[in-house]
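Each chain, written out:
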Amino acid sequence: IEKNINKKLLNAFKREFDEKNFKLFASNYMKIYSLKKKESSKFKKDFIKTIYVAKSTIKTPNNFYNFIDDIKNYKYILRVYFPVEFIKHNKEINLTLKIEHYKLAP
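Thresholds applied
- Residues numbered from 1 in each chain as written.
- Predicted model: local features only at pLDDT ≥ 70, side-chain atom pairs only at ≥ 80, totals over all residues.
- Heavy atoms only, no water.
- Buried < 20%, exposed > 50% of the residue type's maximum accessible area, 1.4 Å probe, protein only.
- Helix = DSSP H or I, 4+ residues; strand = E, 2+ residues; numbered from the N terminus.
- Pairing = 2+ DSSP bridges.
- Contact = heavy atoms within 4.5 Å.
- Polar contact = N/O pair within 3.5 Å; in protein donor to acceptor, adjacent residues only side chain to side chain.
- Salt bridge = Lys/Arg side-chain N within 4 Å of Asp/Glu carboxyl O.

Enquirer: Give me the lowdown on the pairing of strand 2 (residues 47-58), citing residues and values where you can.
Expert: Within strand 2, ten of the twelve residues are buried, leaving the element largely enclosed by the surrounding structure. The pairing of strand 1 (residues 31-43) with strand 2 spans eleven bridges and is classified as antiparallel. Across the sheet, residue Ser 40 finds its bridge partner in strand 2, namely Thr 50. Once strand 1 ends, the chain turns through three residues before running back antiparallel as strand 2, passing Lys 44 with a positive phi of about 50 degrees. Where strand 2 meets strand 4 (residues 92-104), twelve bridges bridge the pair, whose relative direction is antiparallel.

Here it is as structure tokens:
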């Protein structure tokens, strides 16, 4: 089992971030209307960290918390950076969040 977990992690660190695929994954929890790449930098010598800012709408805060729970099983190594901005707008909530994608440096 440990070997399979290590293989899964290693494969995840090798993947390029695919915005279309991420939006499809996130569509189970929120509607992303903007996803912008902000910057990339070296992280701890062996990794590249790329920051994205997502603007979306959700129906309830539970959708966001379910997204956070499920992101750990997603095919990329992602981290949601807090604080997250929630703004109530009519029957929906506007959500702005920063996402960090990690991959192995070339």
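Enquirer: Tell me about the environment of Glu 100, and please be specific about residues and values.
Expert: Note on placement: Glu 100 falls in strand 4. Residues in contact with Glu 100, not counting those within four places in the same chain, are Lys 49, Thr 50, Ile 51, Ile 77, Leu 78, Arg 79 and Tyr 81. One polar contact links Glu 100 to Tyr 102, side chain to side chain, over a distance of 2.7 Å.

Enquirer: Now, about the pattern of salt bridges: what can you tell me, with residues and values included?
Expert: Applying the stated criterion across every chain yields a total of three salt bridges. Note that Glu 100 and Lys 49 form a salt bridge whose closest N and O atoms lie 4.0 Å from each other. A residue pair is termed long-range when its members are at least 10 positions apart, and Glu 100 in strand 4 and Lys 49 in strand 2 qualify at 51 residues. Taken together, the salt bridges that share partners define one network made up of Lys 49, Arg 79 and Glu 100.

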